[in-house]
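Spelled out, the chains give:
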Amino acid sequence: MSTVLPLGRRSSTVLVLASAAGLMMLAWPLLLRVPEGTRVDPPFFFLALLPLVIGVVLAEFSEGGMDARALAVLGLLSAINALMRGLGAGTAGIELVFFLLILGGRVFGPGFGFVLGCTSIFASALMTAGVGPWLPYQMLCSAWVGMGAGLLPRRVRGRAELAMLVVYGIAAAYAFGILMNLSSWPFLLGLQLPGHGNGLAFVPGDPVLENLRRFAAYTLITSTGSWDTGRAITNSIAILLLGPAVLSTLRRVSRKVTITPEPEVSRV
């Protein structure tokens, strides 16, 4: 099935490498080996490098065949997503931005979903004064949400498709919360809770499993039962109530803007 933003071999390779780099930027503190008691500071080098990685991916996609029609659809969906995110502003996990991101990635494909995740979060951050060191991580994690929706089985339709998207929306809500927690948790100090030994804070140099146990407890207490669950409920309700109509509309649009990828020509 053709998509609005086709993925060639080179674009797929760039996307895989960028995702691997993003995961490393999130998880590197867990692999760090330093003397006990050493403080780990936020990776300002990574904060500068991550936008460059995202920029390389976007540039690669634009060279791969994103024409004026695809750009118009991307701009429209990004603007709608930014407005919807401003309406909820993340209060108690109510974030409508993932609803349209999931459906857009589902209809237009993983490449388009990745780009839509980046542009939606960036546009909404500009509108809501949400620009900060967390923004590159939000863009990358949202891009993964859109890309994952585009990678779901294409032949599923009807009620089965709706059920699949609801399940994916729930999983994506919790995964987004876990990844965003991982981006900041290693640098939080003084997280103490009775009965949790060293507390909930990251301990540089400790075994990976010990730090993961503390991180799991931190995530369960701070976001899983509140923000992440609220996000999962919002995604489920929005997909169930509005999903069929929005999917039908997006598919009609996709038939007018679908791009057939040109065969890659080897250069001598």
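Residues numbered from 1 in each chain as written. Predicted model: local features only at pLDDT ≥ 70, side-chain atom pairs only at ≥ 80, totals over all residues. Heavy atoms only, no water.

### Re the overall build of the chain
Okay, step 1: Scanning the chain for helices and strands turns up eight helices and zero strands.
Okay, step 2: For the chain, the succession of helices and strands along the chain, N to C, is α-α-α-α-α-α-α-α.
Okay, step 3: Considering the chain as a whole, with its 268 residues, one finds that 50% of them fall into the buried category.
Okay, step 4: Counted over contacts in the chain with a minimum sequence separation of 6, partners at least 24 positions apart contribute 79%.
Okay, step 5: Of the roughly 13,400 Å² of accessible surface on the chain, 69% is carried by carbon and sulfur atoms. (Helix = DSSP H or I, 4+ residues; strand = E, 2+ residues; numbered from the N terminus. Buried < 20%, exposed > 50% of the residue type's maximum accessible area, 1.4 Å probe, protein only. Contact = heavy atoms within 4.5 Å. Areas by Shrake-Rupley, 256 points an atom, 1.4 Å probe, with all protein chains shown as cover.)

### Brief notes about the confidence of the model for the chain
Atom-level detail of predicted coordinates should not be read off regions where pLDDT is low.
Okay, step 1: Averaged over every residue, the pLDDT of the chain is 77; the share at 70 or more is 72%.
Okay, step 2: Note that residues 260-268 has pLDDT below 50 and, in this model, five contacts with residues that lie over four places away or in other chains. (pLDDT = per-residue confidence, 0-100.)

### Focus on the pattern of salt bridges
Okay, step 1: Within the structure shown, the criterion is met by five salt bridges.
Okay, step 2: In this structure, R157 and E161 form a salt bridge, with 3.9 Å as the shortest nitrogen-oxygen distance.
Okay, step 3: Among the residues examined, R157 registers a relative accessible area of 38% and is labelled partly exposed.
Okay, step 4: Residues R251 and E161 are paired through a salt bridge, measuring 2.4 Å at the closest nitrogen-oxygen approach. With R251 in helix 8 (residues 208-257) and E161 in helix 7 (residues 158-184), the pair connects residues that are 90 residues apart, well separated along the chain. The pair R251 / E161 is uniform in exposure class, with both members buried. (Salt bridge = Lys/Arg side-chain N within 4 Å of Asp/Glu carboxyl O.)

### Details of the nonpolar core
Okay, step 1: If you look at the biggest cluster of nonpolar residues, it comprises 54 residues, and the most contacted ones within it are L77, F99 and F114.
Okay, step 2: At the level of secondary structure, the elements contributing two or more residues to this core comprise helix 1 (9-31), helix 3 (68-88), helix 4 (97-108), helix 5 (110-127), helix 6 (135-150), helix 7 and helix 8.
Okay, step 3: Counting residues per element, this core draws most heavily on helix 6, which supplies 10 residues. (Core = buried A, V, L, I, M, F, W, Y, C linked by side-chain atoms within 4.5 Å.)

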